[in-house]
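One letter stands for each residue in the lines below.
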Amino acid sequence: MRKFLFGVLLTVTILLVYRECTHESTVVINNSSDILQEQLKNVSKLVVTEGHFSEVFNYENSKEILGDYLTAEKKAIVVVNAKVSIAYDLSQLEYNIDEETKTLKILSIPEHEISINPDLEYYDIQDDFLNQFEAEDYNSIKESVNTSLQTKINKSNLVSNAKNRLVSELAKFYILTNSLGWKLEYNGEQLDAEADFEKLLL
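Residues numbered from 1 in each chain as written. Predicted model: local features only at pLDDT ≥ 70, side-chain atom pairs only at ≥ 80, totals over all residues. Heavy atoms only, no water.

Trainee: In this structure, what is going on with the overall build of the chain? I would like to understand it.
Mentor: Looking only at helices and strands, the chain has five helices and seven strands in total. Overall, the chain shows an N-to-C arrangement of helices and strands of α-α-β-β-β-β-β-α-α-β-β-α. Every one of the 202 residues in the chain was classed for burial, and the buried ones make up 32%. Of the contacts formed within the chain by residues at least 6 apart in sequence, a portion of 72% connects residues at least 24 apart. Summed over its atoms, the accessible surface of the chain is roughly 13,900 Å², and 49% of this surface lies on carbon and sulfur atoms. (Helix = DSSP H or I, 4+ residues; strand = E, 2+ residues; numbered from the N terminus. Buried < 20%, exposed > 50% of the residue type's maximum accessible area, 1.4 Å probe, protein only. Contact = heavy atoms within 4.5 Å. Areas by Shrake-Rupley, 256 points an atom, 1.4 Å probe, with all protein chains shown as cover.)

Now the structure itself:
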């Protein structure tokens, strides 16, 4: 009987020692400021809204030869198909993480950048021996096209759509800080809801 009890006791002791030796301790470091920093890096990306515009230009240029007695003309029809993109580079977002007050302070939001990539096709080009098409004409046409497209962009909803996308991205900051028990500020004003971004930016 003693041998049996000794054997049981020995077996239990060996099992306890084995369990203690093989047990892996897991340490979880939950530093909210580190989590915040990492998530900010993930959100810092290029937010892009794209649009397409088409237009037809009639280009004309007259050159007087010998006063009003003779004029030399040149003209062309220009078909424009342009791809336009409006982007916010959130990698340029300026912010400060205040660990004492647990506040994420957004200091500066980058301005939007407009990129215009026109594809120009020339038709019915007519010029005179005394007034021929030159590089200056093509540059002038490009400038006129860009000016006209810029006006169209400003009148379109492309910029407002881009701002809506920006607000959607920035709202993630509110969700993140709120889930960590932090506060969010922009321009010294505390934001208490996702919709507050829309009021400030739109």
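Trainee: In this structure, what is going on with a negative patch on the surface? I would like to understand it.
Mentor: A grouping of D34, E38, E99 and E100 is seen on the molecular surface, where their side chains present a negatively charged patch. In this structure, E38 sits in helix α2 (residues 32–43). The exposure class of E38 is partly exposed, given its relative accessible area of 42%. (Patch = residues over 30% accessible without salt bridge, like charges linked within 9 Å, V, L, I, M, F, W, Y side chains within 5 Å. Salt bridge = Lys/Arg side-chain N within 4 Å of Asp/Glu carboxyl O. Lys, Arg positive; Asp, Glu negative; His and termini not counted. Charge placed at Lys NZ, Arg CZ, Asp CG, Glu CD.)

Trainee: Please clarify how the sheet that holds strand β4 (residues 103–108) should be interpreted in this entry.
Mentor: For sheets, the rule is that strands pair by backbone hydrogen bonds, running either parallel or antiparallel. Taken in spatial order, the four strands line up as β3-β4-β6-β7 in an open sheet, and their pairing is mixed. Each edge of the open sheet carries a strand with a single partner, namely β3 (94–98) and β7 (189–190). As defined by bridge partners, strand β6 (residues 183–186) adjoins β7 across two bridges and the pair is classed as antiparallel. Across the sheet, the residue bridging to E185 is Q190, located in β7. In the packing of helix α4 (residues 158–180) onto the sheet, the strands contacted are β4 and β6, and the crossing angle to β6 comes to about 150°. (Pairing = 2+ DSSP bridges. Axes fitted to C-alpha atoms, helices over the stretch in contact; angles between N-to-C directions.)

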